[in-house]
Amino acid sequence: MADAVPANRLPFGGTWNGIVGVREVDPTTRTRYIGPLPTSTTVAQINSYLASCPSGQYVELAAGTFSLNGDLTLTTSGKTLRGAVDANGLPTTVLSFSSGANASIAASLWDFGSSGATLFTTVNVGSGATRGSSTLTLSGTPTGLTIGRLMWISAPKNAPTIDGGGWTDWFGTRPFTQVVKVTGVSGNNVSFFPAINADYINSLALQVHYRSASNQVSFSGFENLSLINASGFFDGNVIDISGADQCWVKNCKLYGMAAPSALNAFIYLYCCYGCEIRRCDIAHCSSYGSSTYGLASPHSSGILFVDNYFHDLPNIYPVFAVSGSVFAYNYFTNEPYQSATWLSQIVFFHGSHSHYNLFEGNWIATHYNDATATGNMSHSRNNLFARQRMLGWDAAGPKSANCHCITLENHHDNVTVAACVMGHPGTQTVYNGNGTGGGSNSIFNADSVSSATLVRLGNYNTVNGAIPAAETSALSGGTVAASYLYASKPAWFGDRPWPWVDPSNYTQSNDAQSLPAGYRAINGRDPAAGGAAPTAPTNLRITPSP
Amino acid sequence: MTRREAVKLLSVLPTVGMLSGVLSAAEPATVTVQWDWEPGPGEAINYFQVFVTSGDVVPSESNSKVIRMPGDARRCVLSLPSGQLCQARVRAASAHGISAFSAPILLSV
């Protein structure tokens, strides 16, 4: 049967499989350069070892607590800093930073704002920016552009199709970017991967932007580390990752962030491509106000956030100008907020124009996608929410107000919500809200503009206690895929069911332990190894009674 | 002709499993369905679930009558509401998850 999700709302090629996360290297095959280093090792020594480590190798730290009186900096490509793990695979190497210090993966400073325009070489696009295209013809010669460089394709505002604003616009005026990696340069023609997804930019005044190779870090990552601050809370971002190509933070525990004066995030990906945040545990802030986040990733593409556990945070991920990325199979619980019973925004479009992102298989309180009050600052197009457990509720408080499962304020266009299980029994009272904050708690809280292009496919909700008939009809005989990220059940799902969110199985979908990240959060270990889900029975037929 | 004989007769008619409403509406009728299933290497079944829905809807726990057949059973006796067009689907459950649904068949008494 055909896929019920409209094809033009999916990335070119129909899936996010192969276009997100680390795909050009296998970090598990790396050999050890040095270590395990003892806990007496200083941060300067660790930085030095990382600098001298050959590409394709790793620096290993022993179990125990390292006191780091300065910033941990990974500035070059192909390196891994790897800690130790216990019998359950959880990190036992603790990095205790002094006040004001943090960790980073970056070769230089990056700035996509108006003051950062001089950092980039910018060339106008002549032609070729159609959906599916992987070659652009530029209006001039792309001097200094080489294979392997990251390149940003940007577009100006073109309301109502592209809009957004505020500090998150590229060079202060351009809400749209897609980050690609250059695969060939011939004269004015530039080839790249992946292909352009958007089918609405070809007629616009497009530009490309790039920097030299010395500013880019590729294929480097942190693994098996627990990051804390000796003062109790980090003063700002815990890990900064900038201008990075397929870098990662895997199996790390990040604890404690202070009240920020500006936007802070435990992991802040800035102008990145193909990076991966996997199996991390991110928690605790000193206050529960706004601007305190688990993640941020402005002007990044191909990012994979998967199998993480977020807790004791007021909000998790404001999405600014992100495209072609995936946020999947993450588990959330205990989300306190400054107004104790008000459900905040959690994972949400919050600035500029985001497009072709997938939110799949998360156990999540809500997605409150805002319009940021004035100027239509937050804007999105062609994003998919599939097989999500969206509660519209959280136990911290517990939450009783603004308890919508998903909110779409003005101009979140072409949103598709498919095969999700939505609602918390007794909390939501209506199926449709009006796209504003507060009011009657609803399953879908979309304004009239966003509603006009919202497609709802076979979602179960607790207000109806069923899949509404209109959502069944909307399937038009098609099906919703088990996943738009994986071709089959990933091995790390172990013995957990696949797909774990099934609108026809509320019991399974309402059990956080059906999700590996939820199982790990509750039990302190991974689920047992498993295999693939069974194949469907066939040839169902009537037979004579015995 | 008894009810059981009627169901037997109709079930072998070339109607892709559709039974005509020849029986009285006052009494429920039963029909037996069976299915095939191919296990993967070393794969053991936990149970099958047969979902019976009224009308053409996506089956869920809330809109379906669900019959759970423990172990490797390959057939099930269904008690059908009279006067309604029903659909039946079956799916398999193992330690590793639940399968997709089989293609539906139409039932009516």
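Residues numbered from 1 in each chain as written. Chains lettered and ligands numbered in written order. Predicted model: local features only at pLDDT ≥ 70, side-chain atom pairs only at ≥ 80, totals over all residues. Heavy atoms only, no water.

K.L.:
Summarise the packing of aromatic side chains; cite the residues concerned and give the values.
P.N.:
All told, the structure shown has 40 aromatic pairs over all chains when counted by the stated rule. The ring of Tyr-58 of chain A carries the charged tip of Arg-82 of chain A above its face, separated from the ring centre by 4.0 Å. (Phe/Tyr/Trp six-rings, centres within 6.5 Å; stacked < 30°, edge-to-face > 60°. Lys NZ or Arg CZ within 6 Å of the ring centre and 35° of its normal.)

K.L.:
So what's going on with the side chain of Ser-300 of chain A? Which residues, and what values?
P.N.:
Residue and element names in this part refer to chain A. Relative to the assigned elements, Ser-300 resides in strand E25 (residues 300–301). By relative accessible area, which is 1% here, Ser-300 ends up buried. From its side chain, Ser-300 meets the backbone nitrogen of Cys-272 in a polar contact 2.9 Å long. One polar contact links the side chain of Ser-300 to the main-chain carbonyl oxygen of Ser-297, over a distance of 3.4 Å. Discounting residues that sit within four places of it in the chain, Ser-300 has contacts with Val-179, Leu-269, Tyr-270, Cys-271, Cys-272, Ala-321, Val-322, Ser-323 and Ser-325. (Helix = DSSP H or I, 4+ residues; strand = E, 2+ residues; numbered from the N terminus. Buried < 20%, exposed > 50% of the residue type's maximum accessible area, 1.4 Å probe, protein only. Polar contact = N/O pair within 3.5 Å; in protein donor to acceptor, adjacent residues only side chain to side chain. Contact = heavy atoms within 4.5 Å.)

K.L.:
Residues and numbers for the confidence of the model for chain B, please.
P.N.:
Residues and elements named next belong to chain B. Residues of chain B with pLDDT of at least 70 account for 73%, and the chain-wide mean is 74. For chain B, helix H1 (residues 3–11) is the element with the lowest average pLDDT, namely 39, and strand E1 (residues 29–36) is the one with the highest, namely 92. Low pLDDT, under 50, characterises residues 1–26; the predicted model gives this stretch 39 contacts beyond four residues in sequence or across chains. Two summary scores accompany this predicted model of the complex, namely pTM at 0.85 and ipTM at 0.78. (pLDDT = per-residue confidence, 0-100.)

K.L.:
Before we move on, could you go through the pattern of salt bridges and cite the residues and values that matter?
P.N.:
Residue and element names in this part refer to chain A. Under the defined criterion, the tally for this structure stands at 16 salt bridges over all chains. The shortest N-O distance in the salt bridge between Arg-82 and Glu-223 comes to 2.8 Å. Separated by 141 residues along the polypeptide, Arg-82 in strand E5 (residues 79–82) and Glu-223 in strand E15 (residues 221–223) bring together distant segments of the chain. Considered together, Arg-82 and Glu-223 belong to a single accessibility category, that of buried residues. Between Asp-413 and Arg-381 there is a salt bridge; the shortest N-O distance is 3.8 Å. Note that Asp-413 is positioned in strand E40 (residues 412–413) and Arg-381 in strand E36 (residues 378–381), a separation of 32 residues in sequence. According to the relative accessible area criterion, Asp-413 is buried, its value standing at 6%. On the basis of relative accessible area, Arg-381 is assigned to the buried category, the value being 18%. One salt-bridge network, in which partners are shared between bridges, spans Arg-23, Glu-24, Lys-181 and Asp-245. (Salt bridge = Lys/Arg side-chain N within 4 Å of Asp/Glu carboxyl O.)

K.L.:
Please give an account of helix H1 (residues 43–52) of chain A that cites residues and values.
P.N.:
All names here are of chain A. Taken together, the buried positions of H1 are Val-43, Ile-46, Asn-47 and Leu-50. One side of H1 carries all its buried residues, which in axial view fall inside an arc of 100°. Buried residues in H1 make contact with strand E2 (57–61), strand E3 (64–68), strand E4 (72–74) and E5. (Arc of directions from axis to C-beta.)

K.L.:
Before we move on, could you go through the sheet that holds E2 of chain A and cite the residues and values that matter?
P.N.:
Each strand in a sheet pairs with another by means of backbone hydrogen bonds, the pair being arranged parallel or else antiparallel. Residues and elements named next belong to chain A. Taken in spatial order, the 12 strands line up as E1-E2-E5-E15-E19-E22-E26-E30-E33-E37-E41-E45 in an open sheet, and their pairing is parallel. Both edges of this open sheet fall to strand E1 (31–37) and strand E45 (455–457), since each of them pairs with a single strand only. Strand-to-strand, the axes of this sheet are offset by a mean angle of 10°, without reference to chain direction. With 3 bridges joining them, strand E22 (residues 276–278) and strand E26 (residues 304–306) adopt parallel strand pairing. Looking at E26, one finds that Glu-276 is bridged to Leu-304. Contacting E1, E2 and E5, H1 runs over the sheet at an angle of about 145° to E5. (Pairing = 2+ DSSP bridges. Axes fitted to C-alpha atoms, helices over the stretch in contact; angles between N-to-C directions.)

K.L.:
Summarise the interface of chain B and chain A; cite the residues concerned and give the values.
P.N.:
Between chain B and chain A, the contact holds 43 residues from the first and 35 residues from the second. Across the chain B/chain A interface, buried area totals approximately 3,000 Å², and carbon plus sulfur atoms make up 55% of it. Where chain B meets chain A, there are 2 salt bridges. Across the pair Asp-36 of chain B and Arg-541 of chain A runs a salt bridge whose closest N-O atoms are separated by 3.5 Å. The interface formed by chain B and chain A contains 9 residue pairs in polar contact (both at pLDDT 80 or more). For the side of chain B that touches chain A, the secondary-structure elements that each account for two or more residues are H1, E1, strand E2 (45–54), strand E5 (85–94), strand E6 (97–98) and strand E7 (105–108) of chain B. With 7 residues, E5 of chain B is the single largest residue contributor to the side of chain B that touches chain A. Of the residues that constitute the side of chain B that touches chain A, the class distribution is 22 nonpolar, 11 polar and 10 charged. (Buried area = accessible area lost by both parts, 1.4 Å probe. Nonpolar A, V, L, I, M, F, W, Y, C, P; charged D, E, K, R; others polar.)

K.L.:
Mind laying out the nonpolar core, listing which residues take part and the relevant values?
P.N.:
Taken as a class, soluble globular proteins show a tendency for nonpolar side chains to be buried jointly. Residues and elements named next belong to chain A. Grouped together as the largest cluster of nonpolar side chains are 73 residues, with contacts concentrated most on Leu-72, Phe-222, Ile-239, Ile-267 and Val-417. Apart from the residues lying within four places of it in its own chain, the contact partners of Ile-267 are Ile-239, Ile-241, Val-249, Leu-254, Ile-277, Ile-282, Gly-294, Leu-295 and Ala-296. The next biggest cluster of nonpolar side chains, apart from the first, holds 37 residues, and it includes Tyr-329, Val-480, Leu-485 and Val-501. (Core = buried A, V, L, I, M, F, W, Y, C linked by side-chain atoms within 4.5 Å.)

K.L.:
Residue-level account of the state of the cysteines, with values.
P.N.:
All names here are of chain A. As enumerated under the stated definition, the model contains 0 disulfides over all chains in all. Here Cys-247 is not cross-linked by a disulfide; its sulfur's nearest cysteine counterpart is in Cys-275, at 5.0 Å. Looking at Cys-247, the relative accessible area reads 0%, which means it is buried. You can see Cys-275 has no disulfide; the closest cysteine sulfur is in Cys-272, sitting 4.3 Å from it. Note on Cys-275: relative accessible area 1%, which makes it buried. (Disulfide = S-S within 2.5 Å.)

K.L.:
Outline the environment of Ser-54 of chain B, listing residues and values.
P.N.:
All names here are of chain B. Here Ser-54 shows up in strand E2. Relative accessible area serves as the criterion here: at 44%, Ser-54 is assigned to the partly exposed category. With 42 residues separating them in the primary sequence, Ser-54 and His-96 have C-alpha atoms 30 Å apart. In contact with Ser-54, other than residues within four places in its own chain, are Gln-84 and Leu-85. Side-chain polar atoms of Ser-54 contact the side chain of Gln-84, separated by 2.6 Å.

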